[in-house]
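# Structural overview
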Amino acid sequence: MSIQPYLDTYLTRHGGSLDTSSDRELMYALTAAVRDLQKPMGHAQGKRKLYYFSAEFLVGRLLRANLINLGLLEDVEALLAAHGRSLAQIEDQEPEPSLGNGGLGRLAACFLDSIASLGINGDGVGLNYHYGLFRQRLDTGRQTEMPDPWIAPESWLLDTGVSYPVKFGSFSLNARLYDLEIPGYENGICNRLHLFDVEQPAPPPKDGIQFDKTDISHHLTSFLYPDDSDETGRLLRLYQQYFMVSAGAQLILQELEERGHALEELDKYAVVHINDTHPSMVIPELIRLLTERGVELERAMDLVERTCAYTNHTILAEALEKWPASYLEQVTPQLLPFIRALDERARKRSDAPKLAIWDAHDVIHMAHMDIHSSAKVNGVAELHTEILKNTELHSFYVLYPEKFNNKTNGITFRRWLMGCNPALSDLITQAIGPEWKRDAGKLEGLMDYMEDSALREQLLSVKGENKTKLARWLKGRGTEITPDSILDIQIKRLHQYKRQQMNALYAIWKYLQIKEGRTPTRPVTMVFGAKAAPAYTLAKDTIHLLLCLSRLIDQDPQVSPWLKLVMVENYNVSSAELLVPACDVSEQISLASKEASGTGNMKLMANGAVTLGTLDGANVEISRLVGEENIYIFGRSADEVIDLYQNSAYRSSDYWQKPEVERLVDFIISPQLLTMGDAQSLSRLYKDFISKDYFMALLDLEDYIAVKERCLTDYEDRDAWSRRMLVNIARSGFFSSDRTIAEYDQDIWHLK
Ligand SMILES: *Cc1c(COP(=O)(O)O)cnc(C)c1O
């Protein structure tokens, strides 16, 4: 397979060439050439087909990822180099698709890559958002939100020309189907991500991300998770969800029919995976469509239960979706009889009110509907699944023990090692050969090189190169960092349970230490990347605090040679691909029991970062794999935290009263910091710390500071540190999404 003829055809047609075209023109040319190459490739085959429904797919830029999977990356780089061009520069012109926002969406994207790469018969189903969650700006000292458009005439989207009618309470819309092609890794297979869109999408709003949320027909696919702080926003989210699942369900039944199967055989030929609760209405919608086409109701409910599987991603109460029946009455009244029937059926299995789908207050519980009406329910890391079984969903577990199972998350090493860290990939291949690229478990072979000091030296120098590369990129955005400093990185959505606030208090502690003359051996660069939900005030206040601290440190000549705090604007997959390979210390400091799994922890580990974290989510499994000498663990256990919540026993003021803690918290409203920013925002944060601190940032603060200091000191023993790096890379193979997907298939989907 060669890309050259396709590229030449495109360039000739557009009057360009590899020498004369701009980087942007070459990006379009390569996009078109890859698309043409993928066109004749075949879809994975199999008796059953998987439909993976998700509100988001954070796919990242696709040019490099697709070239890797087509086996063309080296050829294309060589071809471009022969003309003095670089793929890195060209791909910088590629907009990142605004189809997702965080870990859940990134997981769905890694899964599609693995499904195609394992040759599994499965497609994704989602929505074609035009402006994403938002593009984050930080130039005013706080977060402001702008639309994040990505669709251009020459994008990866294929217009299928197909559409499905979707009927709402008082009007109807056509759902037009666009596809993104998902090539497997060097296996000639190309699966699809189906993205539904309205027929007349609105142009980007002029006033930030404010728009008329009642203009459903034009704005349904404008934004991911539109502001739900008022009722029109909440209704819009429901319109989005129903639009996605109704069109998706029609597509499933159409494909079933086209393959010549009867509706009664749905469960034999289709699997519907529900990624978190956003697509839950696919359950009553499939039942509705089946009964409309003549299947008897009880039969339809049984069929759909055998067809569906549900993944739970969170135990945060606020994130478990429930909708007033009156909302559904407005958006999709035709579903209510079927949800009522599902509720009655569930009540025959258990009459416990807390297991109801439709409760006494006329509220519909989406997760309950998913559990009652799916064949399998899974959590996303061992600890998370145990918490679901023993605490959060215990009554459901007692009712349906056979449904519950764990599927520890994973990442695709094709993007998160081969794609983003070619220097490390080459080093690994030199040592253990290329087999790890097909089977990340083979990375274990690196353990044999523990006494190879030359290899470990090279590991350190590759890390150094990646830090220099990141420094160059940051410089282009107006921030200077010392590549020789320790890069301490916390990149993830901004949420109190992830405790960026605790890390900010560490920054204050370090600042004060340096002011008191206790300078570290080596400078430390603290990097944050995080978007806060637009209506999440305390999260935005935390961003403001970080930006104030950054300025304070920069302006202090005594501190700035030793400490730097960088907040990367608009954290997304493309910036993650630069940050992850450069990281020394991976901050995974969530309040134990609250982070379901995390996948950032896995990416950073695979790139030779050492984890500083709590025993939460997949950190537990990371810790077991690398051993306690190769990870820095601190803080209360999940059991202790769960007890604190159950007994309402945590008082943040008890911790604040410790002088060492008080000094750090009070610094937030110190005159020095107040001159850097907004008093209202800082004092709101301060008050929350001392009076509430729901996610217990102060609980583990002292332990965190002590363990982080030990970690930074240990960094100076470069020999020992390089051993830690090597163990982390070698043991990361378990977290390949190929392993995760093989398990889903083995235990849930049964497709191969
Ligand atoms: C991996 C990833 C995440 C998830 O990070 P966590 O640390 O697991 O929360 C979020 N955003 C982006 C852009 C990612 O690549």
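Residues numbered from 1 in each chain as written. Predicted model: local features only at pLDDT ≥ 70, side-chain atom pairs only at ≥ 80, totals over all residues. Heavy atoms only, no water.

### Some words on the overall build of the protein
This is how it is decided: Helix and strand assignments follow DSSP, with helices taken as H or I runs no shorter than four residues and strands as E runs no shorter than two, numbered in order from the N terminus. We compute the radius of gyration over the C-alpha atoms and compare it with the globule rule, which gives 2.2 Å times the number of residues raised to the power 0.38. Any residue under 20% of the maximum accessible area for its type is buried, any over 50% is exposed, and the rest in between are partly exposed; the area is computed with a 1.4 Å probe on protein chains only.
Counting its secondary structure elements, the protein contains 32 helices and 19 strands. A compact globule built from 752 residues should have a C-alpha radius of gyration of about 27 Å, and the protein, at 26 Å, falls within 12% of that. Along the first, second and third principal axes, the C-alpha set of the protein runs to 80 × 65 × 55 Å. In the protein, which comprises 752 residues, the proportion classed as buried is 64%.

### Details of the domain arrangement of the protein
Applied cut-off: Domain extents, as shown, originate in an automatic or database domain assignment. In this analysis, two residues are considered to be in contact whenever any of their non-hydrogen atoms come within 4.5 Å of each other. Buried area is a sum: the accessible area each of two parts loses on coming together, probed at 1.4 Å, counted once for each and added. A pair is scored as a salt bridge if a Lys or Arg side-chain nitrogen falls within 4 Å of a carboxyl oxygen belonging to Asp or Glu. Under this definition, polar contacts are N or O atom pairs within 3.5 Å; protein pairs additionally need one hydrogen-donor-capable and one acceptor-capable atom, and for neighbouring residues in sequence, both atoms have to be side-chain atoms. Lys, Arg, Asp and Glu make up the charged group, whereas Ala, Val, Leu, Ile, Met, Phe, Trp, Tyr, Cys and Pro make up the nonpolar group; the residues left over, Gly among them, are polar.
In terms of domain boundaries, the protein breaks down into domain 1 (1-40 + 73-92), domain 2 (41-60 + 96-135 + 147-156 + 170-409 + 740-749) and domain 3 (462-720). Taken together, the contact between domain 2 and domain 3 spans 26 residues of the former and 30 residues of the latter. Around 2,100 Å² of area is buried between domain 2 and domain 3 when both sides are counted, 61% of it from carbon and sulfur atoms. The tally of links from domain 2 across to domain 3 stands at one salt bridge. Taken together, the links from domain 2 to domain 3 amount to ten residue pairs in polar contact (both at pLDDT 80 or more). Among the elements that make up the side of domain 2 that touches domain 3, the one with the highest residue count is helix α15 (residues 382-392) (five residues). In terms of residue class, the side of domain 2 that touches domain 3 is built from eleven nonpolar, nine polar and six charged.

### Concerning the site of the ligand
What counts here: Residues are counted as near a molecule or strand when any one of their heavy atoms sits within 4 Å of it. Calculation of accessible area relied on Shrake-Rupley with a 1.4 Å probe; when residues are assessed, cover is drawn exclusively from the protein chains displayed.
Around the ligand sit 15 residues in total, of which K492, K498, T599, G600 and K603 are the nearest. Within the backbone of T599, an N or O atom sits 2.7 Å from an oxygen atom of the ligand. K603 places a polar side-chain atom, nitrogen or oxygen, 2.6 Å from an oxygen atom of the ligand. Protein burial of the ligand: of its 390 Å² of free accessible surface, 97% is covered by the chains. Those elements that place two or more of their residues in the shell around the ligand are α6 (103-117) and α23 (600-606). By residue class, the composition of the shell around the ligand is five nonpolar, six polar and four charged. Taken domain by domain, the makeup of the shell around the ligand includes at least three residues from each of domain 2 (41-60 + 96-135 + 147-156 + 170-409 + 740-749) and domain 3 (462-720).

### Here's the deal with the nonpolar core
For the record, the criterion: Only buried residues count toward a nonpolar core. Its members are Ala, Val, Leu, Ile, Met, Phe, Trp, Tyr and Cys residues joined through side-chain atoms within 4.5 Å.
Ranked by internal contacts, the top residues of the largest apolar core, which has 273 residues, are I3, F196, F243, L698 and W749. Per-element tally for this core: the top contributor is helix α8 (residues 231-258), with 14 residues. The contacts of W749, once residues within four sequence positions are left out, are R48, L50, Y52, I115, V271, H273, I741 and Y744.

### Focus: the pattern of salt bridges
The final tally for this structure, using the stated rule, is 56 salt bridges. A salt bridge links E382 to R624; its shortest N-O distance comes to 2.9 Å. Residue E382 is found in helix α15, and its partner R624 is found in helix α24 (residues 619-626); the two are separated by 242 residues along the sequence. Here E382 falls in the partly exposed class, since its relative accessible area comes to 32%.

### Structural notes on the sheet that holds strand β13 (residues 404-406)
For clarity, the threshold we go by: Strand pairing requires that DSSP identify at least two bridges connecting the strands. Axes, fitted as lines to C-alpha atoms, cover a helix only where it is in contact. Angles between the N-to-C directions of the axes lie from 0 to 180 degrees.
Here we have nine strands laid out as an open sheet, ordered β5-β6-β7-β2-β1-β8-β9-β12-β13, and mixed in their pairing. Unpaired on one side and paired on the other, β5 (158-167) and β13 mark the two borders of the sheet. When strand polarity is set aside, the average angle formed by the axes of neighbouring strands in this sheet is 25°. Both strand β12 (residues 376-379) and β13 contribute to a ladder of three bridges, which runs parallel. Each residue of the ladder has a partner; that of V377, found in β13, is F404. Taken strand by strand, helix α10 (residues 282-292) contacts β1 (49-53), β8 (270-275) and β9 (308-311), and its axis lies near 150° from that of β8.

### Quick notes on the packing of helix α2 (residues 23-38) against helix α3 (residues 63-70)
Put simply, the rule reads: Note: crossing handedness is left-handed where the near helix turns anticlockwise from the far helix by less than a right angle, and right-handed where it turns clockwise.
α3 packs onto α2 with a crossing angle of 40° between their chain directions and a minimal axis gap of 11 Å. Note on packing geometry: the crossing formed by α2 with α3 is left-handed. Of α3, the residues touching α2 (which contributes L30, T31, V34 and Q38) are L63, N66, L67 and L70. Its residues assigned to classes, the contact of α2 with α3 comprises five nonpolar, three polar and no charged.

### Overview of the packing of aromatic side chains
Stated precisely, the cut-off is as follows: Any two rings among Phe, Tyr and Trp, with Trp reduced to its six-membered ring, count as a pair given centres within 6.5 Å; such a pair is stacked if its planes are under 30 degrees apart, edge-to-face if over 60, and tilted if neither. Charge over a ring is defined by NZ of Lys or CZ of Arg lying within 6 Å of the ring centre and within 35 degrees of the ring normal.
Within the structure shown, the criterion is met by 24 aromatic pairs. Ring geometry for Y645 and Y694: centres 5.2 Å apart, planes at 55°, overall tilted. Here Y694 lies in the loop between α29 (679-691) and α30 (701-714) and Y645 lies in helix α25 (residues 638-646), a separation of 49 residues in the sequence. Its relative accessible area of 41% is what places Y694 among the partly exposed residues. Summarising the aromatic geometry, the rings of Y715 and W721 are spaced 5.1 Å apart at their centres and angled 65° between planes, so their arrangement reads as edge-to-face. By relative accessible area, W721 is classed as buried at 0%. One aromatic cluster is present, formed by Y52, F111, Y744 and W749 through successive ring pairs. Across from the ring centre of Y645, 4.4 Å away, lies the NZ or CZ of K594, which sits over that ring.

### Brief notes about empty space enclosed by the protein
To keep things clear, this is the line we draw: The pocket and cavity definitions rest on a 1 Å grid over protein atoms only: a 1.4 Å probe that fits but cannot leave marks a cavity, an open set with protein on both sides within 12 Å along at least five of seven lines marks a pocket, and residues lining either have an atom within 4 Å of a point. Grid points are joined across faces, edges and corners, and a volume is the space filled by probe spheres set on the points.
Scanning all chains against the criterion turns up nine cavities of 30 Å³ or more. Roughly 190 Å³ of volume is contained in the largest cavity. In this structure, the largest cavity is lined by 16 residues; those nearest its centre are L62, A65, N66, D113 and R415. Only α3, α6, β6 (172-183) and α17 (413-419) provide two or more residues apiece to the lining of the largest cavity. When the residues that make up the lining of the largest cavity are grouped by side-chain class, the tally is eight nonpolar, three polar and five charged.

### So, the pairing of strand β2 (residues 122-127)
Counting buried positions over the six residues of β2 gives six, a clear majority of the element. Residues G122, G124 and G126 point to one face of β2 and D123, V125 and L127 to the other, with burial holding for every one of them. For β1 and β2, the ladder comprises four bridges, and the chain directions are parallel. Each bridged residue has a counterpart across the sheet, and for Y52 the counterpart in β2 is G124. Pairing analysis gives four bridges linking β2 to strand β7 (residues 190-197), with the strands arranged parallel. Residue pairing in the sheet places G126 in a bridge with L195 of β7.

### A look at α2
Condition: To estimate the expected span of a helix, subtract one from its residue number and multiply by 1.5 Å.
Its 16 residues place the ends of α2 22 Å apart at the C-alpha level, agreeing with the 22 Å of an ideal helix rising 1.5 Å per residue. Burial analysis of α2 places twelve of its 16 residues in the buried class, which makes it a mostly covered element. Turning to α2, its buried residues are D23, L26, M27, A29, L30, T31, A32, A33, V34, R35, L37 and Q38.

### Some words on the sheet that holds strand β17 (residues 585-588)
Pairing within the open sheet is parallel, and its six strands lie in the order β16-β15-β14-β17-β18-β19. Of all the strands in the sheet, just β16 (563-568) and β19 (632-633) have a single pairing partner and so form its edges. Note that strand β15 (residues 524-529) and β16 share six bridges and pair parallel. Following the sheet pairing, M526 is matched in β16 by L565. Lying over the sheet, helix α20 (residues 500-515) contacts β14 (486-491), β15, β16 and β17, oriented at roughly 155° with respect to β15.

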